[in-house]
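Coordinate inspection notes
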Amino acid sequence: MTSAPPAPSAEASGPGARSRWAPLRPLVLRLHFYAGVLVAPFLLVAAVTGLLYAGSLQAERLVYGHQLTVPAGKTPLPVSAQVAAARKAHPEGAVAAVRPSPEAGATTRVLLSGVPGVDPEHTLAVFVDPYTGKVRGALEQYGSTGALPLRTWIDGLHRDLHLGDTGRLYSELAASWLWVITAGGLVLWFSRRRALRRVRGTGGRRRTLGLHGTVGVWTAAGFLFLSATGLTWSAYAGAHIDELRTSLGQATPSVSASTTAGEHAGHGTAAGPGGAPGRGAGLDQVLAAARTAGLGDPVEIVPPADAHSAYVVRQIQRSWPEKQDSVAVDPVTGKVTDELRFADYPVLAKLTRWGIDLHTGVLLGPVNQIALAVLAVALILLILWGYRMWWQRGRGSAFGRPVPRGAWAEVPPYLLVPALAAVAVLGWFVPLLGIPLAAFLAADIVLGEIAHRRGRRTYGGAPGMK
């Protein structure tokens, strides 16, 4: 196997640092280089679409202002009357949920499922003036945050490029490698002497490197956070994370909506035709029971799924402080049959909830969204500077000389063996990290062997050096 010369002493911050980083630095440098060159296009797409999404929450309020807001009145109509007005205007489908007006001047949303022409995974949100019962319009809605068409389209672009399950591979690949590239960059930056990290008074590749490193260091924590939270709801790594949380007893709990079938048989029904409340407790009584149990706005009321299920009323506030309490209400008696408080969630379930809401920009409102936009712009700049450095590595018109091979041979076994074991475990847990990494390594070995057979193998510098 080929070898590369030890890193020069100028790259370390002292004798101790050199002995510590010298074996690993060429390996980290090579991994950072190839990961940056090959994965950067996916990260660039994620950054651009993420920047769009960061602004979509505010844009949604402007674009759909007519549907979302009404002149504030004095006394709102009963929720059941608002639902009746929505069903009169839109009798199609069934009532999937109701989101009563959470504040003065906000409309009530009646969510309909099974509506022809609406994506089966989406609902049709009918917006009702809570004071007059007038329907203000209807829009397709997606997800628990109530994303309307504009934000839904941008979210789909960021998540899967509107290519379905196949497109999700791009975003998971980006999330899988972002933390690796960030961590590698931190190692490289802090293993360099302070003099080599200066930006002022420098030019050419050294200045580009300084800008790339400085911005990377200041935004590294944000990138690590985005990578970790992005993986929590990815296709493959996300499934492994869910399995791990479940095995540790840290899965997200849910309120029990079951009722005793024999107790209520023949005494009432969960819902009438088309999802409208039937005999027994109506929406107003159910909402009153939830209020008595301590659930404040905003809430969502979900009708019983069948004759053996209860109403579920849950808080849906994702901004800080989060309101995620939920209760089940008997559809016949109108009494609370089960309660679940967010304070009782397992620690990892809480962290997952907060992490996702921070990632999507809803936890801290506009401040959160500005921070996400800054991170997106920073990542775009880092990628562009990274490609520029690759260009500047060339000689004359040559484009992008690669980092020399042989980094593995410089790592002592007591470091290499644990590193390979850790990579194998990570590669299984995060498949879109492990599979491309194995492909990089295989391609590198093949290309190195071809160069060796042709007598052009390089050892950190000139061809044929031994």
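Residues numbered from 1 in each chain as written. Predicted model: local features only at pLDDT ≥ 70, side-chain atom pairs only at ≥ 80, totals over all residues. Heavy atoms only, no water.

1. Brief notes about the packing of aromatic side chains
Throughout the structure, instances matching the rule amount to 8 aromatic pairs. Measuring from centroid to centroid gives 5.1 Å for Phe33 and Tyr34, while their planes differ by 75°, and the two rings are edge-to-face. Accessibility expressed as a relative area gives 12% for Phe33, which makes it buried. Judged by centre distance (5.5 Å) and plane angle (50°), the rings of Trp177 and Phe440 are tilted. Of this pair, Trp177 sits in helix H6 (residues 168–190) while Phe440 sits in helix H14 (residues 431–453), and the two are 263 residues apart along the sequence. Residue classification places Trp177 among the buried residues on the basis of a relative accessible area of 0%. (Phe/Tyr/Trp six-rings, centres within 6.5 Å; stacked < 30°, edge-to-face > 60°. Buried < 20%, exposed > 50% of the residue type's maximum accessible area, 1.4 Å probe, protein only. Helix = DSSP H or I, 4+ residues; strand = E, 2+ residues; numbered from the N terminus.)

2. A look at the packing of helix H2 (residues 25–63) against H6
Where H2 contacts H6, the two axes come as close as 8 Å, and the packing angle between them is 140°. Judged on the interaxial angle alone, H6 and H2 are oblique. The two elements H2 and H6 cross, and the hand of that crossing is left-handed. (Axes fitted to C-alpha atoms, helices over the stretch in contact; angles between N-to-C directions. Parallel < 35°, antiparallel > 145°, perpendicular 65-115°, else oblique. Left-handed = near helix turned anticlockwise from the far one by under 90°.)

3. A few points about unusual backbone geometry
That bond from Asp297 to Pro298 is cis: its omega, -5°, falls within 30 degrees of zero. By the element assignment, Pro298 lies in the loop between helix H10 (283–292) and strand E5 (299–302). The step from Trp320 to Pro321 runs through a cis peptide bond, and the omega angle for that step is -5°.

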